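# Analysis of the macromolecular model
Spelled out from the first residue to the last, the chains are:
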Amino acid sequence: CTKILFHILGSHDSFSFWVDEKSPVGPDQAASIKRLAKLSLVKKLMKKWSVTQNLTFKEQLESGIRYFDLRVSSKPEEGREIYFIHGLYGIRVWDGLTEINTFLNNHSKEIILLDFNHFYAMEHEHHLYLVNMLQEVFGSKLCTAECVENITLQYLWEKNYQVLVFYHYNLWNEYSFLWAGNKMPAPWANTTNVHKLLQFLETTLGERSKRGTFHVSQAILTPQVKTIVRGLKAGLKNTLVHRNLPMILNWVKMQKPGAMGVNIITSDFVELVDFAETVIGLNYLLLRNKKDDS
């Protein structure tokens, strides 16, 4: 059987191509930020650091993104409706999911991974609402959770499954189509130094589980407070991402295909370099190696 592609391209804070600077500051932010954000200028500056992608879900899918890093929150004043969030509120989760589903309807053999890994201002009822939303939007496309090693492209195509949902809240064991969050570990370097990031990626790849889980290599640099202060007006893309992406891409190009190689790689602003082509190229290398071994 053809294994699900070992090398999957993902986006970090996949939904953050649009955030609403007119919305309240999200519950993922400290009280001090919320106080400062009463000034409209602060929210404009926050937007420069909250946006980590330029492409919409549809555009990301068309560019080859298949893993989506998702963080969601309710708006306490709006009942049970749920939004994507990164500092500021993004689009409604319903709108994002339906956009993804439209792509899947038009591409019946494409497989995507949705990783709901951060929840804010959400009671149990909000989670039930979100899980029911996933069922309503994707229906029979949702892949039943089972042993990771059993998930091959052939298996998914035969079952007409297209969506794997990883859910980092203790509700996954009540729904057959929710995969436990610990099946999608995503170690985080939390550094502004590209050399420390690449060392971290190497170390965590060496420590990854040999069986039973997927693995996310977060090829991202994280701004610290002093980073934001120094580059306040420039924003994340111009301060950290633009100048460091080429070095990160070089690391990706050097990765070896195979079960203990990179699995899922996430990046900010995925369109800035030929990230997609590089990751997809690793899969072709993997296929060539399989042919040589047969």
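Residues numbered from 1 in each chain as written. Predicted model: local features only at pLDDT ≥ 70, side-chain atom pairs only at ≥ 80, totals over all residues. Heavy atoms only, no water.

### Focus: the pattern of salt bridges
Here is the rule we go by: By definition, a salt bridge exists where a carboxyl oxygen of Asp or Glu is found within 4 Å of a side-chain nitrogen of Lys or Arg. Only protein chains enter the accessibility calculation, which uses a 1.4 Å probe; a residue whose area is less than 20% of its type maximum is buried, one above 50% is exposed, and one in between is partly exposed.
Counted according to the given criterion, the structure contains 9 salt bridges. Linking Glu78 and Lys75 is a salt bridge whose minimum nitrogen-to-oxygen distance equals 3.9 Å. Using a relative accessible area of 36% as the deciding quantity, one classes Glu78 as partly exposed. Beyond isolated ion pairs, a larger network of salt bridges with shared partners links Asp13, Asp69 and Arg71.

### Some thoughts on the layout of surface pockets
For clarity, the cut-off: Think of a 1 Å grid over the protein atoms and nothing else: a 1.4 Å probe that fits but is trapped marks a cavity, an open set flanked by protein within 12 Å on at least five of seven lines marks a pocket, and residues with an atom within 4 Å of a point count as lining. Grid points are joined across faces, edges and corners, and a volume is the space filled by probe spheres set on the points. Only DSSP runs of H or I reaching four residues or more are called helices, and only runs of E reaching two or more are called strands; each is numbered from the N terminus. Following the grouping adopted for this structure description, the nonpolar residues are Ala, Val, Leu, Ile, Met, Phe, Trp, Tyr, Cys and Pro, the charged ones are Asp, Glu, Lys and Arg, and the polar ones are all others, Gly among them.
Here the largest pocket defines a volume of roughly 1100 Å³. When residues in the lining of the largest pocket are grouped by element, the largest group, 6 residues, is from helix 2 (residues 40–50). Grouping the amino acids of the lining of the largest pocket by side-chain chemistry returns 22 nonpolar, 15 polar and 6 charged.

### Looking at helix 5 (residues 124–138)
The cut-off we apply is this: Expected span, for any helix, means 1.5 Å times one less than how many residues it has. By definition in these notes, contact holds between two residues if any of their heavy atoms fall within 4.5 Å.
Counted at 1.5 Å a residue, the expected span for helix 5 with its 15 residues is 21 Å, and the 21 Å between its end C-alpha atoms agrees. Every buried residue of helix 5 is listed here: His126, His127, Tyr129, Leu130, Val131, Met133, Leu134, Val137 and Phe138. Packing partners of the buried residues in helix 5 comprise strand 2 (67–74), strand 3 (82–86), helix 4 (93–106), strand 5 (112–120), strand 6 (163–167) and strand 7 (178–180). Gly139 sits one or two residues past helix 5 and shows a positive phi near 50°.

### A word on helix 2
Side chains that are three or four residues apart share a direction in an α-helix, a result of its 3.6 residues per turn. How we decide: This arc is taken over the directions from the axis of the helix to the C-beta atoms.
Within helix 2 the residues assigned to the buried category are Val42, Lys43, Leu45, Met46, Trp49 and Ser50. End-on view of helix 2: buried residues confined to an arc of 165°, all on one side of the axis. Away from its buried face, by an angle of more than 90 degrees, helix 2 presents the exposed residues Ser40 and Leu41.

### Brief notes about the confidence of the model for the chain
Note the following rule: What pLDDT expresses is the predictor's confidence in each residue, scored from 0 to 100.
Overall, the prediction assigns the chain a mean pLDDT of 88, with 92% of residues at 70 or greater. Predicted confidence is poor over residues 1–5, with pLDDT under 50, and the contacts of this stretch with residues over four places away or in other chains come to 18 contacts.

### Notes on the pairing of strand 4 (residues 88–92)
This is how it is decided: At least two bridges found by DSSP between two strands are what make those strands a pair.
Summarising burial for strand 4: 4 of the 5 residues are buried, a large majority. With 3 bridges joining them, strand 3 and strand 4 adopt antiparallel strand pairing. Residue pairing in the sheet places His86 in a bridge with Leu88 of strand 4. A loop of 1 residue connects strand 3 with strand 4, the two strands running antiparallel in sequence, and Gly87 in this loop sits at a positive phi of about 80°.

### Brief notes about empty space enclosed by the protein
Here the structure, examined in full by the defined rule, presents 2 cavities of 30 Å³ or more. In this structure, the second largest cavity is lined by Ala219, Ile220, Leu221, Leu240, Val241, Leu245, Ile248, Ser267 and Asp268. With 4 residues, the top contributor of residues to the lining of the second largest cavity is helix 9 (residues 235–253). Considered class by class, the residues forming the lining of the second largest cavity number 7 nonpolar, 1 polar and 1 charged.

### Brief notes about the UniProt feature "domain: Phosphatidylinositol-specific phospholipase C X" (unreviewed entry) in the chain
Cut-off, in case you're wondering: UniProt positions are given in the numbering used here, feature names are shortened, and annotations may be inferred rather than shown by experiment.
Taking the numbering used here, the UniProt-annotated feature "domain: Phosphatidylinositol-specific phospholipase C X" (unreviewed entry) corresponds to residues 49–156. When the span residues 49–156 is considered, its composition is 38% helix and 25% strand, and the gap between its end C-alpha atoms is 38 Å.

### Description of the side chain of His126
With respect to the element layout, His126 can be found in helix 5. The class of His126 is buried, set by a relative accessible area of 11%. Leave out the neighbours within four places in its chain, and His126 touches Ser74, Gly79, Arg80, Ile82 and Ala121.

### A few points about unusual backbone geometry
Positive phi, close to 45°, is recorded for Asp13, a residue that is not glycine. Counting through the fold element by element, Asp13 comes out in the loop between strand 1 (8–11) and helix 1 (31–36). Asp13 sits in the buried class, given a relative accessible area of 0%. One non-glycine residue, Ala121, lies in positive phi territory at about 50°.

### Overview of the side chain of Ser73
In plain terms, the rule: Pairs of N or O atoms are called polar contacts if they sit within 3.5 Å, as long as, within protein, a hydrogen donor faces a hydrogen acceptor (for residues adjacent in sequence, only side-chain-to-side-chain pairs).
Topologically, Ser73 is positioned in strand 2. Assessed through its relative accessible area of 0%, Ser73 is described here as buried. A polar atom in the side chain of Ser73 sits 3.1 Å from the backbone oxygen of Tyr120. Leave out the neighbours within four places in its chain, and Ser73 touches Pro27, Glu81, Ile82, Tyr83, Ile85, Tyr89, Tyr120, Ala121 and Met122.

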